[in-house]
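# What the coordinates show
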Amino acid sequence: MNSDIILLGHGSGGKLSHQLLDTLIIPTLSQVAERDQNDSAILHHEGGRLAFTTDSYVIDPIFFPGGNIGDLAVNGTVNDLAMAGARPLAISVAFILEEGLLLTELKIILESMREAAEKAGVRIVTGDTKVVPKGKGDKLFINTSGIGVFDHDLEITGSGARVGDKILINGTLGDHGMAVLASREGLELDADIRSDSAALNHLVADLLATCGGSVHVLRDPTRGGVATTLKEIARQSQVEITLDESALPVDDTVAGACAILGLDPLFVANEGKLLAAVAPEAADEILALVRRHPEGEKAAIIGEVTGTAPGKVLMRTAIGGRRAIEMLAGEQLPRIC
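Treat the numbers as computed from the prediction; the structure is a model and nothing was measured.

## Considerations on the pattern of salt bridges
What the rule picks out here adds up to eleven salt bridges. Residue Asp128 is joined to Lys130 by a salt bridge in which the shortest nitrogen-to-oxygen separation is 2.5 Å. For Lys273, the salt bridge goes to Asp196, with nearest N and O atoms at 2.9 Å. Here Lys273, found in the loop between helix H7 (252-261) and strand E11 (275-278), pairs with Asp196, found in the loop between helix H4 (175-185) and helix H5 (201-211); they are 77 residues apart in sequence, far enough to count as distant. Here Lys273 matches Asp196 in class, with each residue buried.

Printed below as a string of structure tokens:
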């Protein structure tokens, strides 16, 4: 493998992404410690806190079952703020348009962004537009930034997991990644798979208002899926996390498609899911609360923090064995968000 050039796998969210961040980008730009590498930066100003995040979207195709690149960008930015426990206020949107993009397609995307922002209760307040020659882009790329405020004193970060915490997810694994892949490759499946793209800030607000002191970690498992995100949490918190294979919620159609294609749903991207590490004594109450939300009807407790071994994630298999979960080296599904 050539180590002197950027590879597609550097955008996977897995081992190559972390190597690029840890050995080049972060040491050069910011020196942010691993325990502080969260979905949003927390800025302190005049005694208060702000959450600040940024993201870019290069998904292919730009339209897919359950959404498009526009509402995906809004939802993803809102969720990164919500995972810090912040209330999203405003976002910026910058477009890189390829010459030849149909204006009718752009209008649909813009309208979907407006609708997603209204549903999430955020404002799109500023932005930028650039156009590149035909063949120098791929229809449309979007960059966003977002700002949120805190209505509480809780500190929710990836380094907050504690031994005994239960690991909760608010629904089925891999829906977004498989919806995009099926659309991209023209796969004919027995049933349609739709992206789970959704803003989770209202769910998070209710969760924190009711059980905030028992919520130690919130993260959205996008690129790299649930497995990669849990590995990041384990590394940040210096703990061991054990999953229960029989508890993982996976839609039958998604499971079937993954089996045919040789993919593991644990590593497939999600865009409307959150992972939470919560105090064990409050886990059942939190699970019931999440299930009352439309975005959490299929929520499940899928594991627990079982020790202090730094950065280890294990799977308790259906036949009673255990296996280690590691980040993928490269890209299982490129350009998924």
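## Digging into the nonpolar core
By size, the foremost hydrophobic cluster in this structure holds 38 residues, and its most contacted members are Ile69, Val74, Phe95, Met113, Leu140, Ile142 and Met178. Looking at this core, the elements with two or more residues in it are helix H2 (69-82), strand E5 (87-98), helix H3 (103-120), strand E7 (140-149), H4 and H7. With six residues, H3 is the single largest residue contributor to this core. Apart from residues lying up to four places away in sequence, Phe95 is in contact with Leu110, Met113, Asp128, Thr129, Lys130, Leu140, Phe141 and Ile142. Core analysis: the next-biggest nonpolar cluster, separate from the first, contains 24 residues, Ala161, Leu248, Ala277 and Val313 among them.

## A closer look at helix H6 (residues 225-237)
The end-to-end C-alpha separation of H6 is 19 Å, in line with the 18 Å expected for 13 residues at 1.5 Å each. Burial of H6 is extensive: twelve of the 13 residues sit out of reach of the surface. Turning to H6, its buried residues are Gly225, Val226, Ala227, Thr228, Thr229, Leu230, Lys231, Glu232, Ile233, Ala234, Gln236 and Ser237. Immediately beyond the C-terminal end of H6, within one or two residues, lies Gln238, with a positive phi of roughly 60°.

## Focus: the sheet that holds strand E1 (residues 41-45)
Reading across from one edge, E1-E2-E7-E5-E6 is the order of the five strands in this open sheet, with mixed pairing throughout. Bordering the open sheet on either side are E1 and strand E6 (123-132), each of which pairs with just one other strand. Within this sheet the neighbouring strands show an average axis-to-axis angle of 20°, counted without direction.

## Observations concerning the sheet that holds strand E8 (residues 166-169)
One open sheet holds the seven strands; their spatial order is E9-E11-E8-E12-E10-E13-E14, and the pairing between them is mixed. Of all strands in the sheet, those with a lone pairing partner are strand E9 (215-219) and strand E14 (322-325), marking the two edges. The sheet shows a mean angle of 25° between the axes of neighbouring strands, direction not considered. Running over the sheet, helix H8 (residues 283-291) touches E8, E9, E11 and strand E12 (300-307) and is turned about 150° from E12.

## A look at the side chain of Thr172
The residue Thr172 is located in the loop between E8 and H4 in this model. Since its relative accessible area comes to 10%, Thr172 is described here as buried. Among the polar contacts listed, one links the side chain of Thr172 to the side chain of Asp175, at a separation of 2.7 Å.

How each quantity is defined
Residues numbered from 1 in each chain as written. Predicted model: local features only at pLDDT ≥ 70, side-chain atom pairs only at ≥ 80, totals over all residues. Heavy atoms only, no water. Salt bridge = Lys/Arg side-chain N within 4 Å of Asp/Glu carboxyl O. Helix = DSSP H or I, 4+ residues; strand = E, 2+ residues; numbered from the N terminus. Buried < 20%, exposed > 50% of the residue type's maximum accessible area, 1.4 Å probe, protein only. Core = buried A, V, L, I, M, F, W, Y, C linked by side-chain atoms within 4.5 Å. Contact = heavy atoms within 4.5 Å. Expected span 1.5 Å × (residues − 1). Pairing = 2+ DSSP bridges. Axes fitted to C-alpha atoms, helices over the stretch in contact; angles between N-to-C directions. Polar contact = N/O pair within 3.5 Å; in protein donor to acceptor, adjacent residues only side chain to side chain.

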